[in-house]
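Observations on the model geometry
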There are 2 protein chains.
Amino acid sequence: MKITANNPTRKSWLKVSKNSDFPIQNIPFGVFLTKENITTIGTRIGNYAIDLGALHQLGYFSEIPLTDDIFMQDSLNDFISDGRKTWRLVRNRIAAIFDSNNTELQSNKKDLKIIVFNLDDVEMLLPVNIGDYTDFFASKEHATNTGTMFRDPENALLPNWLHLPVGYHGRASSIVVSETAIYRPKGQTIPKDSKIPVFGPTRLLDFELEMAFITTDVNHLGESISIDEAEDYIFGMVLFNDWSARDIQKWEYVPLGPFLGKSFASTISPWIVTMDALEPFRTKSPRQEPNPLPYLQQSGKHAFDIKLQAAIKPEGEEETIVSNSNFKYMYWTMNQQLVHHTTNGCNVRSGDMMGSGTISGPTPDSYGSMLELSWRGTKPVKLNNGSERKFINDFDEVIMRAYCENDNIRIGFGTCKGKILPTK
Amino acid sequence: MKITANNPTRKSWLKVSKNSDFPIQNIPFGVFLTKENITTIGTRIGNYAIDLGALHQLGYFSEIPLTDDIFMQDSLNDFISDGRKTWRLVRNRIAAIFDSNNTELQSNKKDLKIIVFNLDDVEMLLPVNIGDYTDFFASKEHATNTGTMFRDPENALLPNWLHLPVGYHGRASSIVVSETAIYRPKGQTIPKDSKIPVFGPTRLLDFELEMAFITTDVNHLGESISIDEAEDYIFGMVLFNDWSARDIQKWEYVPLGPFLGKSFASTISPWIVTMDALEPFRTKSPRQEPNPLPYLQQSGKHAFDIKLQAAIKPEGEEETIVSNSNFKYMYWTMNQQLVHHTTNGCNVRSGDMMGSGTISGPTPDSYGSMLELSWRGTKPVKLNNGSERKFINDFDEVIMRAYCENDNIRIGFGTCKGKILPTK
């Protein structure tokens, strides 16, 4: 089926500013709360939030096989379960309804009033009920940086790293939507040259600039999928800040991996941008040497050119962009991550989320965490207001942005924001 | 409120055999499917499954504030959210209804028919929708055994182990109920003396004899709880087999911990035995030296004397008990685990599950995994049919049992079974 929603010349009758992340070619999916306290699934064009529940109820999707309440839910999980064909039909139809040549809704003032809202009048909620969240460690530059810092610069990558996408199970309950306040976590840490830990607020609070993808129902327990079908199971992507408390993490993580140093909170952007919308921005992923095992081999373009940015905004001050990275730097593709995840028969469900791991580029200004940007605190990062940061302070807001751009269009993710408040 | 359900002299008018794990003093909670294809929440007395949905609909709980459909659900999550007071009221009332001196249901043939089933006529389902699953590593004997095998016998415990309950986030989607078949997982492993991994079915499939506890809603994001309130948030316990593929685990787990070596499947027993039912079996936990940090300190009896057993049953043969352990050996208590989990503000929800980690006792016949029982394959375990096992073969069934016993009563968990089938 053709993705007519991606037609780059289409204009919407809804006003979209020139540099918007949300032109009519994007049509992401999210969940929001209206002023009338109704939770609904929606999409966004420009700075308008569109209520898909109302749109469906009023018959605008009558030619698409959809259950009556599919958009009148507090999560996208059931819609995501409907599969790629349905996602395409719905995006194509939304594009048609809001096309500047289409007057069916545009001229219906009564319908308009209950379907289209100013973005400021709705509250964005977590878009999916995340059953399981997995985080990978898939940027070679990030793995090399941390290996160099904490182990051995000569052998920065561990023996398994080039053979498989290293990952771990994360905490799903503490994944929150952008603009949720984050309390500085407490925990055990080990003072330098001491053998006795102390307890208190983390002193090394960090962000991790990541993207994450959301899956549909992939497989039953005991089954695996092949690399060529992996893409069919990926619904879309979000920006992801995997907040980390480096001192807590350091003391707890051997031998079973990150735990409380991560699980106090993780922030995602509210709008899931579909893989269909990202289609024009496919690119080649880095060459893999050595060649991975056959089940991980795939030719063609399976990376995406998504520009990434992280900024720090001290309270009452302007922000400073501290990192410019790109999703295309990822050594392991999303397809490889998903296939690897099912090799053992582990079942992946609709609404599961898989994070990329910190996305660091090749140059120091493209590193995706304060740990790397300040090189373990040895090179403080200068902010525009004259202050310096080794890690994140109380009342700092971390703002992440992601967008794709070519000569015709810009498809973006909006922002993923979180402000740090003092320990509760 | 008094736990009248625990009265040790009470008899039921339902027949209960002498060594049953499920006397009228147990009253566990589970979810089952009836012959009429109805999913309901239930309890068990002897070999009878009792439909609590029907019991409630027929008015037997009219004096307890409960929502109408609280038991007509496919998971216990909402009931668990109702909190300890409600759990007690319901258990006390069930004990009264089935007391041999009570005829209200006993003499009502019409009601009986739709409330009480033979256990063989129902199919047990997963009792909770597990939002997040955490596994700890809390048996000192197990940690010492694995540290001795894989690292250094002189420094078997890592520096953090005596200071905090080490844990990691596990995979929730692949937790299945007892008697679900388990397919031998495939994955990457590294052959001895090679640097290039190979792909195929695991050759070192193992069980881990564990118990797990199920929580109610504990805290909001950013909040912590204190050790003295921890017990209020623990609903009950199940037997837990944390299946492990040792060769996959070994190659993948540094530095981010266990991933596909564990997430192919984990099995729990179907009946959640409440902490109230386990109350008579409190005992002291092992002395902790050094004293943990203040937030983990608690006096009194917070361990439970629960006898544990693991057996291997080759296809068509009798079983062989390969391990006899006890939950009281756990170095870190459930309260300590739960408190530690919330120190960083991580929110714990109703239906979350926390595993103990392998429960090994002090003697070789009490080790809780084949890894330890066969000491990494160097001491094969003899089975009654004359065969030997280093790890688990295809078509072997692993059967776990757990029960408490004193002079008056026996409270048990039934079995937690899983049969290994060849790779799909």
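Summarised in this report is the structure supplied together with it. Here the structure is a predicted model, which means the values were calculated and not measured. (Residues numbered from 1 in each chain as written. Chains lettered and ligands numbered in written order. Predicted model: local features only at pLDDT ≥ 70, side-chain atom pairs only at ≥ 80, totals over all residues. Heavy atoms only, no water.)

For the pair chain A and chain B, the superposition axis carries a translation of 0.0 Å, the fit reaches an RMSD of 0.0 Å, and the rotation angle comes to 180°. Such a combination of rotation and displacement between the chain copies is what one expects of a two-fold axis. In terms of proximity to the rotation axis, the leading residue of chain A is G257 of chain A, whose C-alpha is 2.1 Å off the axis. (Least-squares fit on C-alpha atoms with pLDDT ≥ 70 in both.)

This next bit is on the environment of S178 of chain B. All names here are of chain B. Mapped onto the elements of the fold, S178 is located in the loop between strand 8 (175-177) and strand 9 (182-183). Separated by 91 residues in sequence, S178 and S269 place their C-alpha atoms 5.2 Å apart. At 2.8 Å, the side chain of S178 and the backbone nitrogen of K417 are in polar contact. (Helix = DSSP H or I, 4+ residues; strand = E, 2+ residues; numbered from the N terminus. Polar contact = N/O pair within 3.5 Å; in protein donor to acceptor, adjacent residues only side chain to side chain.)

This part covers the packing of aromatic side chains. Residues and elements named next belong to chain A. One pass over the structure, following the stated rule, counts 30 aromatic pairs over all chains. Between W13 and F98 the ring centres are 5.2 Å apart and the planes differ by 25°, which places this aromatic pair in the stacked class. You can see W13 sitting in the segment before strand 1 (30-33) and its partner F98 sitting in the loop between helix 3 (84-97) and helix 4 (109-115), a full 85 residues away along the chain. Overall, W13 belongs to the buried group, its relative accessible area being 16%. (Phe/Tyr/Trp six-rings, centres within 6.5 Å; stacked < 30°, edge-to-face > 60°. Buried < 20%, exposed > 50% of the residue type's maximum accessible area, 1.4 Å probe, protein only.)

The next point concerns the layout of surface pockets. Here the largest pocket defines a volume of roughly 990 Å³. Breaking the lining of the largest pocket down by element, the ones donating at least two residues are strand 6 (133-136), helix 5 (140-150) and helix 6 (246-252) of chain B. The biggest single contributor to the lining of the largest pocket is helix 6 of chain B, with 5 residues. By volume, the second largest pocket is sized at about 830 Å³. Residue lining of the second largest pocket: 34 residues in total, with F150, R246, K250, L371 and R376 of chain A positioned closest to the centre. Secondary-structure elements contributing two or more residues to the lining of the second largest pocket are strand 6 (133-136), helix 5 (140-150) and helix 6 (246-252) of chain A. Here the lining of the second largest pocket is built from residues that sort into 13 nonpolar, 8 polar and 13 charged. (1 Å grid on protein atoms, 1.4 Å probe; cavity = no way out; pocket = protein on both sides within 12 Å on 5 of 7 lines; lining within 4 Å. Points joined across faces, edges and corners; volume = space filled by probe spheres on them. Nonpolar A, V, L, I, M, F, W, Y, C, P; charged D, E, K, R; others polar.)

Before going further, it helps to spend a moment on the side chain of R10 of chain B. As for its placement among the helices and strands, R10 of chain B is situated in the segment before strand 1 (30-33). The contact partners of R10 of chain B, leaving out residues within four places of it in the chain, are T4, A5, I24, Q25, A95, A96 and D99 of chain B. (Contact = heavy atoms within 4.5 Å.)

Before going further, it helps to spend a moment on helix 3 of chain A. All names here are of chain A. Between its terminal C-alpha atoms helix 3 stretches 20 Å, which fits the 20 Å expected from 14 residues at 1.5 Å a residue. In terms of residue burial, helix 3 counts as a mostly covered element, since 10 of its 14 residues are buried. Those residues of helix 3 that fall on the buried side of the exposure criterion are R84, T86, W87, R88, V90, R91, N92, I94, A95 and I97. (Expected span 1.5 Å × (residues − 1).)

A word on the pattern of salt bridges. One pass over the full model with this rule turns up 45 salt bridges over all chains. A salt bridge links K424 of chain B to E223 of chain A; its shortest N-O distance comes to 3.7 Å. With K424 of chain B in the segment after strand 26 (410-421) and E223 of chain A in the loop between strand 13 (209-215) and strand 14 (234-241), this pair bridges two chains. In this structure E223 of chain A comes out as partly exposed when scored by relative accessible area, which is 29%. Its salt-bridge partner being R184 of chain B, residue D394 of chain B comes within 2.6 Å of it at the nearest N-O pair. (Salt bridge = Lys/Arg side-chain N within 4 Å of Asp/Glu carboxyl O.)

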